[in-house]
Amino acid sequence: MASFSLAHLSDPHLPPLPAPRLSELAGKRALGYLNWTRNRHRFHRRDVIDVLMSDLQAQVPNHIAITGDLVNLALEAEFAPALAWLESVGPPERVTVVPGNHDAYVRATCHRFTEAWGSYLASDNAGDHDGAIFPTLRRRGPLALIGVSSAVPTPPLMATGWLGRSQMDALEHLLATLASEPAFRILLIHHPLRSRARAKRLTDSSELLALLKQYGVELVLHGHDHVHSTIWVEGPNGSSIPVVGVPSASSLAHGHYPDAAYNLFSITRDGDGWRCQQMVRGINQARQVREIRRVRLT
């Protein structure tokens, strides 16, 4: 069987930020706008993400997964440009998106991402969950891409995520159904499954980890932390599941945050199991994209 290639990027925080109306700058958005104008605009750059995406497209992946934070303050004026950018990445058949906390930044627009980017979010069989969008299931080649939403509005200075009971119950049903299938199951989520930062954690991660231990997946992909990350969590029967994070796709290096990067996974059936190799490609100070490392995960 030929290998299937999956590219993974996250947290593009698409610049530039449109000028907000004064009425939009209340509560959390006021702090976020101040942070953007004083700090974040210097590091999240359109030229960076353009160079990174050009390199990604040159790799000709079979599919592309984006794990959230396409926008910054969830201003109404951000969603249409984000859709235009998604369409430049590829059609919904080749691109799968799950939302991040910035896509649901405030209650006023916390559902706009589902309306604006619905075709990139939806399951192959939309409506499987009695009107709920998540979890989603998309089958691409040998992959079963399982999307969940940890994107919820939070108070100022908080960036936590939450799946909630109804989504968790639907996810359990979906994982149980997939457990006996010969598919390479990938869980897509914005928040990491473990975090030392209380203000950025997934608040019901223990429940999700319990589901993964019971039913298993082959790989978990996330963003949110803006760093390279690989941890292993427990799967069924003592197995281990790789959980891989990636830096922001538009960022210049600053502090402990690295330059923009993306992951490219090569997935091949290997007897009764799977072989998965990860290649990390990232941008350097000369605005060139180079391979950073290559590692076999399974």
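Above this note sits the structure.
Overview of the structure. (Residues numbered from 1 in each chain as written. Predicted model: local features only at pLDDT ≥ 70, side-chain atom pairs only at ≥ 80, totals over all residues. Heavy atoms only, no water.)

**Overview of the pattern of salt bridges**
Here's step 1: Taken as a whole and assessed by the stated rule, the structure comprises 15 salt bridges.
Here's step 2: Measuring nitrogen to oxygen at the nearest pair gives 3.1 Å for the salt bridge that ties aspartate 169 to arginine 165. Taken together, the residues span about one helical turn, with aspartate 169 and arginine 165 both in helix H6 (residues 165-178) at a distance of four residues.
Here's step 3: Residue arginine 294 pairs with glutamate 291 through a salt bridge whose shortest N-O separation is 2.8 Å.
Here's step 4: Where salt bridges share partners, they join Arg45, Asp47 and Arg287 into one cluster. (Salt bridge = Lys/Arg side-chain N within 4 Å of Asp/Glu carboxyl O. Helix = DSSP H or I, 4+ residues; strand = E, 2+ residues; numbered from the N terminus.)

**As for the sheet that holds strand E2 (residues 63-66)**
Here's step 1: Overall, mixed pairing links the six strands, which are arranged E3-E2-E1-E10-E11-E12 in an open sheet. Only two strands of the sheet have a single partner each, and these edge strands are strand E3 (95-97) and strand E12 (289-296). Strand-to-strand, the axes of this sheet are offset by a mean angle of 20 degrees, without reference to chain direction.
Here's step 2: In this sheet, E2 lies alongside strand E1 (residues 4-9) in parallel orientation, the contact comprising four bridges. Bridge pairing in E2 links leucine 6 to histidine 63. (Pairing = 2+ DSSP bridges. Axes fitted to C-alpha atoms, helices over the stretch in contact; angles between N-to-C directions.)

**Comments concerning the pairing of E2**
Here's step 1: Both faces of E2 are covered, namely the face carrying His63 and Ala65 and the face carrying Ile64 and Ile66.
Here's step 2: Both E2 and E3 contribute to a ladder of three bridges, which runs parallel. Bridge pairing in E3 places isoleucine 64 opposite valine 95.
Here's step 3: One crossover worth recording links E2 to the parallel E3 by way of helix H3 (residues 76-89), and it is right-handed. (Buried < 20%, exposed > 50% of the residue type's maximum accessible area, 1.4 Å probe, protein only. Right-handed = clockwise from strand over helix to strand, strands pointing away.)

**Concerning the packing of aromatic side chains**
Here's step 1: Within this structure, the stated rule accounts for three aromatic pairs.
Here's step 2: Ring geometry for phenylalanine 79 versus tryptophan 117: centroids 5.6 Å apart, planes at 45 degrees, classification tilted. A residue pair is termed long-range when its members are at least 10 positions apart, and phenylalanine 79 in helix H3 and tryptophan 117 in the loop between helix H4 (112-116) and helix H5 (118-121) qualify at 38 residues.
Here's step 3: For tryptophan 117, a relative accessible area of 0% translates into the label buried.
Here's step 4: The interplanar angle of 80 degrees and the centroid separation of 5.5 Å between the aromatic rings of phenylalanine 184 and tryptophan 274 together place this pair among those described as edge-to-face. Linking phenylalanine 184 in strand E6 (residues 184-188) with tryptophan 274 in strand E11 (residues 273-283), this pair joins segments that are 90 residues apart in sequence.
Here's step 5: One aromatic cluster in this structure is built from Phe79, Phe113 and Trp117.
Here's step 6: Directly above the aromatic system of tyrosine 105 lies the positively charged group of lysine 28, at a separation of 4.7 Å from the ring centroid.
Here's step 7: Positioned above the aromatic ring of tryptophan 274, the side-chain terminus of arginine 269 is 4.6 Å from the ring centre. (Phe/Tyr/Trp six-rings, centres within 6.5 Å; stacked < 30°, edge-to-face > 60°. Lys NZ or Arg CZ within 6 Å of the ring centre and 35° of its normal.)

**Focus: the environment of glycine 245**
Here's step 1: With respect to the element layout, glycine 245 can be found in strand E9 (residues 240-245).
Here's step 2: In this structure the C-alpha to C-alpha distance between glycine 245 and valine 95, which are 150 residues apart in sequence, comes to 18 Å.
Here's step 3: In contact with glycine 245, not counting residues within four places along its chain, are His222, Val227, His228, Ser229 and Asn263. (Contact = heavy atoms within 4.5 Å.)

**Here we look at the pairing of E1**
Here's step 1: In terms of residue burial, E1 counts as a mostly covered element, since six of its six residues are buried.
Here's step 2: Where burial is concerned, the two faces of E1 agree: the one with Phe4, Leu6 and His8 and the one with Ser5, Ala7 and Leu9 are both buried.

**Brief notes about the sheet that holds strand E5 (residues 143-147)**
Within a sheet, each strand pairs with its neighbour through backbone hydrogen bonds, oriented either parallel or antiparallel.
Here's step 1: The mixed open sheet is built from six strands, whose spatial order is E4-E5-E6-E7-E9-E8. The outermost strands of the open sheet, each flanked by one partner alone, are strand E4 (136-140) and strand E8 (229-234). The sheet shows a mean angle of 25 degrees between the axes of neighbouring strands, taken without regard to direction.
Here's step 2: Note: E5 against E6, five bridges, orientation parallel. Residue pairing across strands places leucine 143 opposite phenylalanine 184, the latter belonging to E6.
Here's step 3: Running over the sheet, H6 touches E4, E5 and E6 and is turned about 170 degrees from E5.

**Points about helix H1 (residues 28-38)**
Here's step 1: Turning to H1, its buried residues are Lys28, Arg29, Gly32 and Trp36. With its buried residues spanning 90 degrees around the axis, H1 presents them on a single face. (Arc of directions from axis to C-beta.)

**A word on the side chain of arginine 138**
Here's step 1: Locating arginine 138 in the fold gives a position in strand E4.
Here's step 2: One buried charge, arginine 138, has no salt-bridge partner; the nearest side chain with opposite charge is aspartate 124, at 4.7 Å.
Here's step 3: At a separation of 2.6 Å, a polar atom in the side chain of arginine 138 contacts the main-chain carbonyl oxygen of serine 119.
Here's step 4: In this structure arginine 138 touches Pro92, Val95, Thr96, Ser119, Tyr120, Leu121, Ala122, Ser123, Asp124, Leu143, Ala144 and Leu145, once residues within four positions along its chain are discounted. (Lys, Arg positive; Asp, Glu negative; His and termini not counted. Polar contact = N/O pair within 3.5 Å; in protein donor to acceptor, adjacent residues only side chain to side chain.)

**Quick look at the nonpolar core**
Here's step 1: If you look at the biggest cluster of nonpolar residues, it comprises 43 residues, and the most contacted ones within it are Leu9, Ile66, Leu70, Trp85, Leu86 and Trp117.
Here's step 2: Counting residues in each nonpolar core, the second largest holds 24 residues, with Ile189, Leu212, Val233 and Val243 among its members. (Core = buried A, V, L, I, M, F, W, Y, C linked by side-chain atoms within 4.5 Å.)

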